Amino acid sequence: MTAGSAKDQAVDETVDKVDDVEEEGEDVPKDGNEASKPKKKRKRKTKAQAIAEGRVKEEVKPEPATQSEPPRVGLTKIFVDGVFPEGEICEYLNDNAYRTTSAEKKELERLANENPEETYQNIRRAAEVHRQVRQYAQKTIRPGMSMIEIANLIEDGTRALVEEDTSGKLQSGIGFPTGLSLNHCAAHYTPNSNDTIVLKESDIMKVDIGVHVKGKICDSAFTVHWDRNYDPLIQAVKEATNTGVREAGIDVRVGDIGAAIQEVMESYEVTVPHTDGRVGSTTYPVKAIGNLTGHNIVPYRIHGGKSVPIVKSRDQDKMEEGEYFAIETFGSTGRGIVVESGEVSHYALNPGIKNPPLR
């Protein structure tokens, strides 16, 4: 029974007990014997009558709000029943398919997630924030905008829709600084306060957005570009990501997921016209970046300790009940290896340090 139906039942029972009333007049027995006098008839008032008389308070449910543009309406005002949309669901495959109907496996998942229904609603709320902010960003981001302008556009929307907790209890908010990585920069760049970079029509930009509700972090990214020559690169990464999501599941070895991702990713190639005055074009094979991975996510920590490679490996780690993973794929027309460079612009709380000295 839902909370709403439980409340309604309690109100109805109160009405039944309080609002049985006597009819006017009474029957008098013919023999004058008071003991044989019939009981007075009663009639039951409806809940509506009790509310009208002020004996029971009417529970007024708020009307769902609609989203604004730019998005600024918190999702709890739109999904007033606290039930948020499900995303795409991938069924278990092959030998793991029995998990869909196994009562034992469902119970293990319940134990691992404490209260699965609350846990899932938290992550679905974060995911719906991401979806709405992402859709607005995808149709709004254009060449000529500065990196700071784009980051503010995304983070202002995220804070509003997730109804950021500013009390210090960290009940909801941004999961991590928004990533806006351009061209050869694969990940983990966000504009610092003195950034002057402006988006160009020839750029490829990876947009990485994080949202959390009660520590459950939604980590998801997309790519924007305007040069149609790079469509195959975008398609390669999208298909590789979908493959990784389909292959993931409890008891699956992460090394096997990486092999499946790499096979799809590296089946693509990109042909780019020369830009140095030469006639013709060059065709590049798409490579999966071998030293970037996906990862598991634990409450309030974006990187939980397990990695999900995107190339074939001997990693025997398995996904387990109760774990959350970000399947992240990176495709490149370069060497397929990244190195660290540039100024620091990403940050996170270190859970192992409490109240560090500032000086």
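Everything below is about the structure printed above this text.
The following paragraphs examine the structure supplied in this document.

Quick notes on the rules
- Residue numbers here run from 1 along each chain, matching the order of that chain's written sequence.
- Confidence filtering applies because this is a predicted model: local features only for residues at pLDDT of at least 70, side-chain atom pairs given and counted only at 80 or more, and all residues used for totals across whole chains, interfaces and linings.
- Side-chain descriptors were evaluated using all non-hydrogen atoms of the structure, hydrogens and water having been removed beforehand.
- Side-chain atoms within 4.5 Å are what join buried Ala, Val, Leu, Ile, Met, Phe, Trp, Tyr and Cys residues into a set we call a nonpolar core.
- To sort residues, take the accessible area from a 1.4 Å probe on protein chains only and compare it with the maximum for the residue type: under 20% means buried, over 50% means exposed, and anything in between is partly exposed.
- The helix and strand labels rest on DSSP assignments: H or I over at least four residues marks a helix, E over at least two residues marks a strand, and numbering proceeds from the N terminus.
- The contact definition used throughout considers only heavy atoms, calling two residues in contact when any of these lie within 4.5 Å.
- Patches here are clusters of residues that have more than 30% relative accessible area and form no salt bridge, with a 9 Å joining cutoff for like charges and a 5 Å cutoff for nonpolar side chains (Val, Leu, Ile, Met, Phe, Trp, Tyr).
- The accessible surface values rely on the Shrake-Rupley method and a 1.4 Å probe; as for residues, cover is taken only from the protein chains in view.
- A carboxyl oxygen of Asp or Glu within 4 Å of a side-chain nitrogen of Lys or Arg is what we treat as a salt bridge.

1. What to know about the nonpolar core
Ile150, Ile154, Leu180, Met205 and Val207 are the most contacted members of the largest nonpolar core, which totals 37 residues. Among the elements of the structure, helix H4 (116-140), helix H5 (147-162), strand E4 (179-182), strand E5 (204-213), strand E6 (216-225) and strand E12 (324-326) are those that each provide at least two residues to this core. Per element, the largest residue contribution to this core is 7 residues, and it comes from H5. When near neighbours in sequence (up to four residues on either side) are disregarded, Ile150 contacts Ile141, Met145, Leu180, Leu199 and Met205. Listed in part, the 24 residues of the second largest apolar core include Val237, Ala240, Val252 and Ile289.

2. Some remarks on a nonpolar patch on the surface
Taken together, the side chains of Leu170, Tyr300 and Leu349 present a nonpolar region at the surface, about 340 Å² in accessible area. Within the secondary structure, Leu170 sits in the loop between H5 and strand E3 (172-174).

3. Re the pattern of salt bridges
Enumeration according to the criterion identifies 15 salt bridges in this entry. For Arg124, the salt bridge is made with Glu86, and the minimal N-O distance between the two is 3.8 Å. Remark: Glu86 occurs in the loop between helix H2 (47-52) and helix H3 (103-112) and Arg124 occurs in helix H4; sequence separation between them is 38 residues. Residue class for Glu86 comes out exposed when judged on its relative accessible area of 51%. Residues Asp276 and Arg278 are paired through a salt bridge, measuring 2.9 Å at the closest nitrogen-oxygen approach. As far as the burial class goes, Asp276 and Arg278 line up, both exposed. One salt-bridge network, in which partners are shared between bridges, spans Lys77, Arg125 and Glu163.

The analysis is restricted to geometry; functional conclusions fall outside its scope.
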